[in-house]
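Chain by chain, the residues run as shown.
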Amino acid sequence: MNLKRISVLLAALVPVAARAQERPSFVTYNHHMEEPGNLEVGVNPVFGTQRGGGSFLGSWLELEYGLKGWWTMEFYLDGQTTRGQGSAFTGFRWENRWRPLMLEHKVNPVLYLEYASITEADKTLREIVGHDVEASQAEPLDVTRHEHEHELEAKLILSSNVKGWNLAHNWIAEKNLVHGAWEFGYAVAATRPFTLAATSRDCSFCAENFSGGVEVYGGLGDTDSFGFKDTSHYVAPFVAWNLPGGTTLRLSPTFGLNGNSHRFLLRFGIAHEIALGRGGR
Amino acid sequence: MSRRRTTKTVGAAAWAVLACAQVISGEARERPSGVAGAPAAASALRNPYDGDPEAIGAGRKLYAMQCAKCHGERGEGWGNAPSLGADEVRRASPGALFWFLTNGDLRRGMPAWSRLSEPRRWQLVAFLKNLDSATK
């Protein structure tokens, strides 16, 4: 193997900071996939108030990898701390997203499939389905940490780009693989960069590096009782700051929309993208 | 769930799968790979930033942030990522380049850059059409 070939191989193995734009919303997915060969590492804590229990800090560690231009895979590790009750690792999730259509359309579908092995103690609130309500999360950690669940979750993601805005709808169906009915949920989001055109100057704290919007999400009952009865719903403005080095910071104050919802959640996210090998293909 | 309802559900799912398959096969049949796959209407679009030095500068910055890791700092190409000095790219109209940036070539590893706003994609096109002078 000659020197040139060795240097090419080494270059391919050295991670390079990538600067793709992370999705600003926390719950709602759009049709923009991770770039092939890019690995995104992120931590996303969520602080929540809890009536009838201690306030909590849930969090997930996220590893997102672009396998193909049309296929993104993610792996999550979840945990939480509840005031006065302690901390717990609550499980893992493995998700896949596929774009069935290779060209951009007015509405772009993405198929999503996730397997989760988590406990009832999980408080990441990455999606709301079925009859997920605040009261069901008031159980003590010592009890819920022993209640293990295996879940399969499917989403239909529909996403459009319209006049600088991205409009995304997610329709969710989740099934506990051991027992229980199919549970349903939704999430919708509208996102826009603060400015549509870039400037020629290098800058960090400038409008072109920010994007924001609002998302609304909640449960839709289950196969036995489909609808809004005994469900919780949230509205969450969000803002994302894409730093030139490949790091994205996200913030989203979230407000419960009915009596079944947590009154307030505060989501924070930090993510960094790494290109695994030049070109990453 | 009644048998009739089950039949209807399965029928609807089968119809949806067939419809998707038809669109996917239609996409593959209609489209040559690369910039050459751009439809005539898209190729005819003019760049609103054509010749604008500020837009070319913004495009240079966007290129360095989003594209250079695959195509090289000067567009020389690397691995599967082609050189942007290739005839196909140099001869392509601004509209065709814009269309290709928007759609990418997902099967061959080129991401769809529709995540960037339209003005930013046009700024990238302005830079690409001035690549020789802009990288000097």
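Every chain is numbered on its own, with residues counted from 1 as its sequence reads. Chain letters and ligand numbers both follow the written order, the letters beginning at A and the numbers at 1. It should be noted that, the model being predicted, local features are given only for residues of pLDDT at least 70 and side-chain atom pairs only at 80 or more, the latter also being counted only at that level, while totals for whole chains, interfaces and linings use all residues. Based on all heavy atoms of the structure, the side-chain values leave hydrogens and waters out of the count.

### Quick notes on the interface of chain B and chain A
Inference 1: Throughout, a residue-residue contact means that at least one pair of heavy atoms, one from each residue, lies within 4.5 Å. Across the contact, 39 residues belong to chain B and 38 residues belong to chain A.
Inference 2: Accessible surface is computed with a 1.4 Å probe, and the buried area is the amount of it that two parts give up when combined, taken over both parts together. Surface buried jointly by chain B and chain A totals about 3500 Å² across both partners, of which 53% is contributed by carbon and sulfur atoms.
Inference 3: Counting the surface chain B buries against chain A, the share from its top three residues, K69(B), W78(B) and R115(B), is 22%.
Inference 4: Salt bridge criterion: a side-chain nitrogen from Lys or Arg within 4 Å of a carboxyl oxygen from Asp or Glu. One can count two salt bridges joining chain B with chain A.
Inference 5: For K61(B), the salt bridge goes to E208(A), with nearest N and O atoms at 2.8 Å.
Inference 6: Residues adjacent in sequence count toward polar contacts only when both atoms are side-chain atoms; beyond that, a polar contact is any pair of N or O atoms within 3.5 Å, and within protein one must be able to donate a hydrogen and the other to accept it. Scanning the region where chain B abuts chain A turns up 14 residue pairs in polar contact (both at pLDDT 80 or more).
Inference 7: Secondary-structure elements contributing two or more residues to the side of chain B that touches chain A are α1 (3-30), α3 (53-66), α4 (68-71), α6 (94-103) and α7 (118-128) of chain B.
Inference 8: Per element, the largest residue contribution to the side of chain B that touches chain A is seven residues, and it comes from α3(B).
Inference 9: Under the grouping applied here, Gly and all other residues not named as nonpolar or charged are polar, the nonpolar ones being Ala, Val, Leu, Ile, Met, Phe, Trp, Tyr, Cys and Pro and the charged ones Asp, Glu, Lys and Arg. Among the residues forming the side of chain B that touches chain A, the class breakdown is 18 nonpolar, 11 polar and 10 charged. The numbering of helices and of strands both runs from the N terminus, where a helix is a DSSP run of H or I of at least 4 residues and a strand a run of E of at least 2.

### A word on the packing of aromatic side chains
Residues and elements named next belong to chain A.
Inference 1: Whether two aromatic rings pair depends on their centres lying within 6.5 Å, for rings of Phe, Tyr and Trp, where Trp uses its six-membered ring; planes under 30 degrees apart make the pair stacked, over 60 edge-to-face, and the rest tilted. This model, assessed by the stated rule, comprises 14 aromatic pairs over all chains.
Inference 2: Taking 5.6 Å as the distance between ring centres and 85° as the angle between the ring planes, the aromatic pair formed by F205 and W241 counts as edge-to-face. Here the residue F205 occupies a position in the loop between β9 (182-193) and β10 (210-222), and W241 occupies one in strand β11 (residues 233-242), the gap between them amounting to 36 residues.
Inference 3: When a residue's accessible area, from a 1.4 Å probe over protein chains only, is under 20% of the maximum for its type it is buried; when over 50% it is exposed; and in between it is partly exposed. Residue classification places F205 among the exposed positions, given a relative accessible area of 68%.
Inference 4: Taken together, F194, F205, F210 and W241 form an aromatic cluster joined through their ring pairs.
Inference 5: The ring of Y76 carries the charged tip of R126 above its face, separated from the ring centre by 4.1 Å.
Inference 6: We call a charge positioned over a ring when the NZ of a Lys or the CZ of an Arg lies within 6 Å of the ring centre and within 35 degrees of the ring normal. Seen from the ring of F26, R250 lies directly overhead, with NZ or CZ sitting 4.2 Å from the centre.

### Examining the state of the cysteines
Inference 1: Cysteine sulfur atoms are paired as a disulfide whenever they fall within 2.5 Å. Within the structure shown, the criterion is met by one disulfide over all chains.
Inference 2: Through a disulfide, C203(A) is tied to C206(A); the S-S separation comes to 1.9 Å. Here the S-S torsion is close to 65°, and the disulfide linking C203(A) with C206(A) is therefore right-handed. The same class applies to C203(A) as to C206(A), namely buried.
Inference 3: Unpaired in this structure, C67(B) has its nearest cysteine sulfur neighbour in C70(B), at a distance of 8.4 Å.

Function-wise, these values are silent; they only describe arrangement.
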